[in-house]
Each structure stands twice: as structure tokens, then as C-alpha cells.
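Survey of secondary and tertiary structure
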Amino acid sequence: MMNLTLQLNLHCAPLHISVKSSTATAAATRSWSCYASVSIPQPSNVNVLNGTPLSSDRKEIRLGLPSKGRMSNDTLELLKNCQLSVKQSNPRQYVAEIPQLSNLEVWFQRPKDIVRKLLSGDLDLGIVGLDTLSEYGQGNGDLIVVHEALEYGDCRLSLAIPQYGIFENINSLEELAKMPQWTENKPLRVATGFTYLGPKFMRENGLKHVTFSTADGALEAAPAMGIADAILDLVSSGTTLRENNLKEIEGGTVLESQAVLVASRKSMVQRKGVLETTHEILERLEAHLRAIGQFTVTANMRGSSAEEVAERVLSQPSLSGLQGPTISPVFCKRDGKVTADYYAIVICVPKKALYKSIQQLRAIGGSGVLISPLTYIFDEETPRWRQLLSELGL
């Protein structure tokens, strides 16, 4: 029988837990007029979860954003890069707006409160870390991840143990579980702030004798102080762990996390305008994130025809672009006649292949090579939108 002790009332059935608390794709640069015409399903009055109406009859759509710290700064920067700048009349206020999105209120909240208020119906959309969503959402079916990879806030929730003492030769979760020291009377003590994910992870991995405690401040000090044998915490580079003589172990990663866009299923189905707003935010995010690290390469090349030039370009492995090169004649006037001796080649190239692509272009006769970064790449329709509609049954 698994011995997990906590003093919090957790929804972690069937385990009884208590917690001890110690203390040619269209590329747009600045124009947003290139949206494809998309049919948005209309909201229903039926709650897809339990048939009840929304808890509030408010008309405004609400987006929750982190209120402080690096997560907040990175979120605001991402939205700004998507032409969705957040405007606050007073930096001390917790409510703001995005002028490009009508009828939308932005509410600055603690990440865990964003998740809670999505569940209570006080928010419709939110941006949080996947770790926060998983810990406080606890698998609730009303929460839908609309975009799972916003490319910032990267970290992992990981189990760490001391590098010394009885743990010196322990390098995996399996080895940790097999240590004879852990009994019903003397369980493995884990300090963590993740009192839902921690017990769930241990249970799923067969660790039978474990007790969890919550602690304020830096958890890395807990093993050295003798109040815990291990910690379960967020790790970015691992430097802080190493500086405190702690180590991660094989199989000890609970989840990989980064910022995600999450929405209330109930709000998207029932509240007017939420689905349309979600679609626009998603398209802007997708277009910007897809363009990161991509460059437009333009060059001139002599040729007898567009097809002949295309043959040369496509013979080089780095010059295929997104769907193929765009080739068009370059007209000039010679001896009083308009001729097209040159052709312009336009391709999209990732940053890591940029110099190699330029070399290949010049090798086949390219000249006057121009490079410019891409700001947005719009697809005909984002696959995530189709997945969302499928998830909603629309």
C-alpha cells in the first residue's frame, strides 16, 4: 500500500493523501488583412460538460495573463510581436485591453489563479506554463490547450536527490524505488510545491513509501537541512541543483513545460465571440511563431526560361523553400526593347541553413542576393484550429 502523507484536500482519488506543511504560403510583414475567410461555428446554449448554463451572463471576453516576473514580460513581448499589444491606462491596475481585439478584457493574475478562474468561468482564455495548468487544472475536461508550444518559459518538473551519502550511486528512479531504506515507518521524504503532480507521479511509477511536504522559499536547501530526502521542483538549466549538490535522475522528469494558450471549453461553446477571438489569437500566434528564424532570400539569375531556372534551383538541397521557389522574370530595356534575361528567385530559408543556401545560389549563377527576416507566415488554415474544432465537436 502506498504511503503518501499530505494535509491538503486534494482531488487525487483513489489514493488517500494528506500533506505535511513545514512552512506558397502567404508571408505578411505588417499587414493583417490577409486572413482567409473562415466559417466560425456559433455558440450554443448547451453546456457540453453537464448541460448547465455559464456561471456568468457577462458579455465581455476575458483573457488572463501572468501578472509578474519573466513569464509576464515574455508573454507581453510575444503578444506585441503578434500586433496584439496590451494597453494599460495605469500600470497598477489589473485590467487592460488589446485594442485590436474588440470586447476583450485582459486580466493580470497569478498563473495558478488564471487556471482556477478558467475553471470557475471568470476567465475564458489564459496563458500559463504547462506545469501550472497541469498542477491546478488536474486534468479537468473543461480546460483545452489551444496552443501547446509558445516557445518561452521552458523548464521541466523534475525529481532531484543529493549527490552524496546513500544517494551517491543512485542514478535512476528505478534504483531510488528499490532502496531498502524506504519503509512504511520511514518513507522517502519529498519537498515540493506540486502536491497534485508529485503524488500522482510517484503512484504511477510504483514508489510505495513516500511522504510529501510543502516548503516556502528555495527547496534546494531542504535535503541539506535534513527536512527532506529529495525535492520535486522546476528546473531550467540545472545549475542551481548542481550548486546545492543535487542531481536529477533518469526517469525522474514529471513533465516538460513551456507557456501554453489555454481556453475554457464551456466558454468557447457558449459565450458569444470567444471562439472567434480564440481563432484570431491562434492565427496571429501561429504566423509569428512559424516565422521565427526564417529568412526571405532573393537573388537574380540568368536563364532561358523560368522552368530552366527552377531546374537549377531545385537541384540544390537547401533551396526548396516552404513549397518551392518563386521565380519571376526581371525586365529591362535593351536596344529599345523590353527583354527578360534575368529571373528573380525568392525562397524562404531557416537561419541555420542561411549561409549554405547563399553559397548554393551563387554556385548556380545567383547574384545580387538580398536577405530579410520574416515576420509572419500565414497558412491557408492552421492545423491547430482544425484540431480545436474537432476537440469541441464542431
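Look a little higher up for the structure.
Just so it is clear, the structure is predicted and the values come from calculations on it, not from any experiment.

Definitions and limits used
Residues numbered from 1 in each chain as written. Predicted model: local features only at pLDDT ≥ 70, side-chain atom pairs only at ≥ 80, totals over all residues. Heavy atoms only, no water. Pairing = 2+ DSSP bridges. Helix = DSSP H or I, 4+ residues; strand = E, 2+ residues; numbered from the N terminus. Axes fitted to C-alpha atoms, helices over the stretch in contact; angles between N-to-C directions. Contact = heavy atoms within 4.5 Å. Buried < 20%, exposed > 50% of the residue type's maximum accessible area, 1.4 Å probe, protein only. Right-handed = clockwise from strand over helix to strand, strands pointing away. Phe/Tyr/Trp six-rings, centres within 6.5 Å; stacked < 30°, edge-to-face > 60°. Core = buried A, V, L, I, M, F, W, Y, C linked by side-chain atoms within 4.5 Å. 1 Å grid on protein atoms, 1.4 Å probe; cavity = no way out; pocket = protein on both sides within 12 Å on 5 of 7 lines; lining within 4 Å. Points joined across faces, edges and corners; volume = space filled by probe spheres on them. Nonpolar A, V, L, I, M, F, W, Y, C, P; charged D, E, K, R; others polar.

Brief notes about the sheet that holds strand β12 (residues 259-264)
One open sheet holds the six strands; their spatial order is β3-β4-β2-β5-β12-β6, and the pairing between them is mixed. Across the chains shown, the open sheet's two edge strands, defined by having one partner strand only, are β3 (95-97) and β6 (143-147). Each strand of the sheet is rotated relative to its neighbour by a mean of 35°, with strand direction disregarded. By the bridge criterion, three bridges tie β3 to strand β4 (residues 104-109) in an arrangement that is antiparallel. Following the sheet pairing, Ala96 is matched in β4 by Val106. In the packing of helix α1 (residues 69-81) onto the sheet, the strands contacted are β2 (61-66), β4, β5 (125-129) and β12, and the crossing angle to β2 comes to about 130°. Relative to the sheet, helix α2 (residues 111-120) contacts β2, β4, β5, β6 and β12, its axis offset from that of β5 by approximately 140°.

Here's the deal with the pairing of strand β9 (residues 210-214)
Most of β9 sits inside the fold, with five of its five residues counted as buried. Because side chains alternate across β9, one face comprises the buried residues Val210, Phe212 and Thr214, and the other comprises Thr211 and Ser213, equally buried. In this fold, the crossover linking strand β8 (residues 188-192) to β9 by way of helix α5 (residues 197-204) has right-handed handedness.

Things to note about helix α3 (residues 130-137)
Residues separated by three or four positions in an α-helix point in the same direction, a consequence of the helix having 3.6 residues per turn. Counting buried positions along α3 yields six of eight residues, so the element is predominantly enclosed. Residues Asp131, Thr132, Leu133, Ser134, Glu135 and Gly137 constitute the buried set of α3. At the exit of α3 stands Gln138, carrying a positive phi of roughly 50°.

Brief notes about the packing of aromatic side chains
Inspection of every chain in the model, using the stated rule, returns two aromatic pairs. Pairing Phe167 with Trp182 gives two aromatic rings, centres 6.0 Å apart and planes at 20°, and the pair type is stacked. In this pair, Phe167 is assigned in the loop between β7 (155-162) and α4 (173-177) and Trp182 in the loop between α4 and β8, connecting sequence segments 15 residues apart. Here Phe167 and Trp182 have matching classes, each one buried. On the numbers, 6.4 Å between centres and 40° between planes, the contact of Tyr376 with Phe378 is tilted.

Regarding the nonpolar core
If you look at the biggest cluster of nonpolar residues, it comprises 35 residues, and the most contacted ones within it are Leu65, Val86, Ile98, Val106, Leu150 and Met268. The element that contributes the greatest number of residues to this core is helix α9 (residues 274-291), accounting for six residues. Counting 23 residues, the second largest nonpolar core, distinct from the first, contains Leu173, Leu197, Met202 and Leu232.

Examining empty space enclosed by the protein
Estimated volume of the largest cavity: approximately 60 Å³. Around the largest cavity, the lining residues are Glu283, Glu286, Ala287, Arg290, Ile377, Phe378, Asp379, Glu381 and Thr382. Classifying every residue of the lining of the largest cavity by side-chain character gives three nonpolar, one polar and five charged.

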